[in-house]
Amino acid sequence: MEDEYKHDYEYDEELLPHEEYETILSEIYQEFLNYYDGQIAFDEWRCLVDVRYRQAHGEFPLWDYKMEGRLKEVAYDIGQELIDKLELAQAEAEQDEAVEKQSEKLLRHIEQFLEFRTMAVFDKGHPSNRRFQRWEIARYTKDDFSDTEIESGASYDEALDHLQKQGYIHLVERGGKSKYDVFQAVMV
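Each value, and the rule that gives it
Residues numbered from 1 in each chain as written. Predicted model: local features only at pLDDT ≥ 70, side-chain atom pairs only at ≥ 80, totals over all residues. Heavy atoms only, no water. Helix = DSSP H or I, 4+ residues; strand = E, 2+ residues; numbered from the N terminus. Buried < 20%, exposed > 50% of the residue type's maximum accessible area, 1.4 Å probe, protein only. Contact = heavy atoms within 4.5 Å. Areas by Shrake-Rupley, 256 points an atom, 1.4 Å probe, with all protein chains shown as cover. Core = buried A, V, L, I, M, F, W, Y, C linked by side-chain atoms within 4.5 Å. Pairing = 2+ DSSP bridges.

Engineer: Hey, could you run me through the overall build of the protein in this one?
Structural biologist: A count of helices and strands for the protein gives eight helices and three strands. Shown N-terminal to C-terminal, the secondary structure of the protein runs as helices and strands in the order α-α-α-α-β-α-α-α-α-β-β. Going through the 188 residues of the protein one by one, you find that 29% of them count as buried. Of the contacts formed within the protein by residues at least 6 apart in sequence, a portion of 56% connects residues at least 24 apart. Carbon and sulfur atoms form 49% of the exposed surface of the protein, whose accessible area is close to 13000 Å².

Engineer: Hey, could you run me through the nonpolar core in this one?
Structural biologist: One broad trend across soluble globular proteins is that nonpolar side chains are buried collectively. Of all hydrophobic cores here, the largest spans 19 residues; its most connected members are Leu25, Phe32, Trp45, Val49, Leu71 and Leu82. Every element with two or more residues in this core is listed here: helix 2 (17-33), helix 3 (42-57) and helix 4 (67-121). It is helix 4 that provides the largest number of residues to this core, a total of seven residues. Apart from the residues within four sequence positions on either side, Leu71 is in contact with Tyr21, Ile24, Leu25, Val49, Tyr53 and Pro61. Listed in part, the 15 residues of the second largest apolar core include Phe132, Tyr140, Phe145 and Ile169.

Engineer: Where do I start with the pairing of strand 3 (residues 182-185) in this structure?
Structural biologist: In regular strands, side chains alternate between the two faces of the sheet. On strand 3, burial covers both faces: Val182 and Gln184 on one face and Phe183 and Ala185 on the other are all buried. Of the pairings in the sheet, the one linking strand 1 (residues 131-133) to strand 3 comprises three bridges and is antiparallel in character. Paired with Gln133 across the bridge in strand 3 is Val182. With four bridges connecting them, strand 2 (residues 169-173) and strand 3 associate as antiparallel partners. Directly across from Leu171, in strand 3, lies its bridge partner Phe183.

What follows is the structure in structure tokens.
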């Protein structure tokens with residue numbers, strides 16, 4: 001049986017399996033850290049690799065005579081997944097920040113619009129002077145975004161949803177089309 005292992009598996013006779021395991025993981029971990037901006041300890045990363053290895057190959061790396069190639073593949077996969085996950089989290093954080101800024105700007109627009117409408121056009125009292133339809137604020141998209149951005153899908157829709165979730169405005173009534181949805185700004 002030992003001859004079978006030697007035939008199927010090229011190994012360095014100078015290294016014992018656990019030393020080879022440690023060497024492979026240490027080298028890949030150090031390479032991984034060059035591309036990963038997050039924080040993960042070696043032992044935590046190694047645990048992820050070991051678990052994935054066991055799931056993929058049905059045994060622990062040290063028990064597998066084909067460990068070298070398989071271990072490298074699993075370790076690189078785990079590293080790539082961690083990098084992808086971190087990049088996704090960063091992109092989501094940037095998107096959340098952008099929506100937050102748009103929400104603040106849209107809220108100022110809404111307040112100014114409602115003030116102007118109350119003073120210059122009509123004042124029907126509360127709550128009517130706090131209500132508006134989606135189409136009435138759609139013009140701010142044209143004012144604040146370039147034509148290219150609008151063509152790419154930029155609008156204040158996400159900001160309006162965010163303001164609603166934060167409780168600054170409430171959806172009072174759904175219109176036949178979304179542009180006729182009626183909102184009410186909450187007095188702060």
